[in-house]
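Summary of structural features
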Amino acid sequence: DAKTTQPTSMDCAEGRAANLPCNHSTISGNEYVYWYRQIHSQGPQYIIHGLKNNETNEMASLIITEDRKSSTLILPHATLRDTAVYYCIVRVLNYGGSQGNLIFGKGTKLSVKP
Amino acid sequence: GAVVSQHPSRVICKSGTSVKIECRSLDFQATTMFWYRQFPKQSLMLMATSNEGSKATYEQGVEKDKFLINHASLTLSTLTVTSAHPEDSSFYICSARATDTQYFGPGTRLTVL
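Residues numbered from 1 in each chain as written. Chains lettered and ligands numbered in written order. Predicted model: local features only at pLDDT ≥ 70, side-chain atom pairs only at ≥ 80, totals over all residues. Heavy atoms only, no water.

1. Focus on the interface of chain A and chain B
Contacts between the two partners involve 20 residues from chain A, matched on the other side by 20 residues from chain B. Buried surface at the junction of chain A and chain B, summed over both partners, amounts to about 1,500 Å²; 50% is from carbon and sulfur atoms. Here chain A and chain B share eight residue pairs in polar contact (both at pLDDT 80 or more) between them. For the side of chain A that touches chain B, the secondary structure elements donating two or more residues are strand S3 (31-38), strand S4 (45-50) and strand S8 (84-92) of chain A. Looking at the side of chain A that touches chain B element by element, the count peaks at three residues for S3 of chain A. (Contact = heavy atoms within 4.5 Å. Buried area = accessible area lost by both parts, 1.4 Å probe. Polar contact = N/O pair within 3.5 Å; in protein donor to acceptor, adjacent residues only side chain to side chain. Helix = DSSP H or I, 4+ residues; strand = E, 2+ residues; numbered from the N terminus.)

2. Structural notes on unusual backbone geometry
Residue and element names in this part refer to chain B. Of the consecutive residues His 7 and Pro 8, the connecting peptide bond is found in the cis state with omega at 0°. Checked against the element boundaries, Pro 8 lands in the loop between strand S1 (4-7) and strand S2 (10-13). For Thr 99, which is not a glycine, the phi torsion comes out positive at approximately 55°. Residue position: Thr 99 is located in the loop between strand S9 (90-98) and strand S10 (101-104). Owing to a relative accessible area of 60%, Thr 99 belongs among the exposed residues under this scheme. (Buried < 20%, exposed > 50% of the residue type's maximum accessible area, 1.4 Å probe, protein only.)

3. Remarks on the packing of aromatic side chains
Across all of its chains, the model carries ten aromatic pairs over all chains by this definition. Between Tyr 36 of chain A and Tyr 46 of chain A, the ring centres sit 5.7 Å apart and the planes meet at 70°, which makes this aromatic pair edge-to-face. With Tyr 36 of chain A in strand S3 and Tyr 46 of chain A in strand S4, this residue pair connects regions lying ten residues apart in the sequence. With a centroid separation of 6.1 Å and an interplanar angle of 65°, the aromatic rings of Phe 28 of chain B and Tyr 103 of chain B are classed as edge-to-face. Residue Phe 28 of chain B is found in the loop between strand S3 (19-25) and strand S4 (32-38), and its partner Tyr 103 of chain B is found in strand S10; the two are separated by 75 residues along the sequence. Tyr 103 of chain B shares its class with Phe 28 of chain B; the two are buried. Here the aromatic cluster, defined as three or more aromatic residues joined through ring pairs, consists of Tyr 36, Tyr 46, Tyr 87 and Phe 104 of chain A together with Phe 28, Tyr 36, Tyr 103 and Phe 104 of chain B. (Phe/Tyr/Trp six-rings, centres within 6.5 Å; stacked < 30°, edge-to-face > 60°.)

Remember that the coordinates give geometry; whether it matters functionally is a separate question.
This is the structure in structure tokens:
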């Protein structure tokens, strides 16, 4: 599975949008981009995933560049409870076939401040 | 999203004893489950992959005789840490695969005295 590069840490003001970048320049055609977050001392929480189209759900939006070499997770209105480590992971997904494992890097520690 | 539970959430044991951790997918069936370990201030490390009805696949460096994994049903996987030692103290997290996404349990904090 392709590797990802994320900033070590970011700050965001409460109520503002948090934009978390991720580089995955070696991503291949059947690899999806997944985002998880881990709040201190809890298991990771699934946020969103996508292949090449932008995706949105109740938690966040995922913007993937046209060449798929990078993506941005957007939390539209960050709250203090969004303070966590955010992981961008690239994973092979063939529906009905092989799937890659979720391999966690160091992630981005997002601190939402009042 | 789908719910994965773990039991117990915390366990303290004496060195040399064995500890069993249960992982259940509550509202979906999971043919594949995963076990991760996380040391303080580090990221999650995949330990093993378990498929229902077959032997688990362990990552390099993980002792299969020390970390026994059983995936007896589509909703239950267990991890047994045998002859635990203080260096096995860690946060153990299970995960279950549902179609195209993996969901994680809340984790089990193991402390070996």
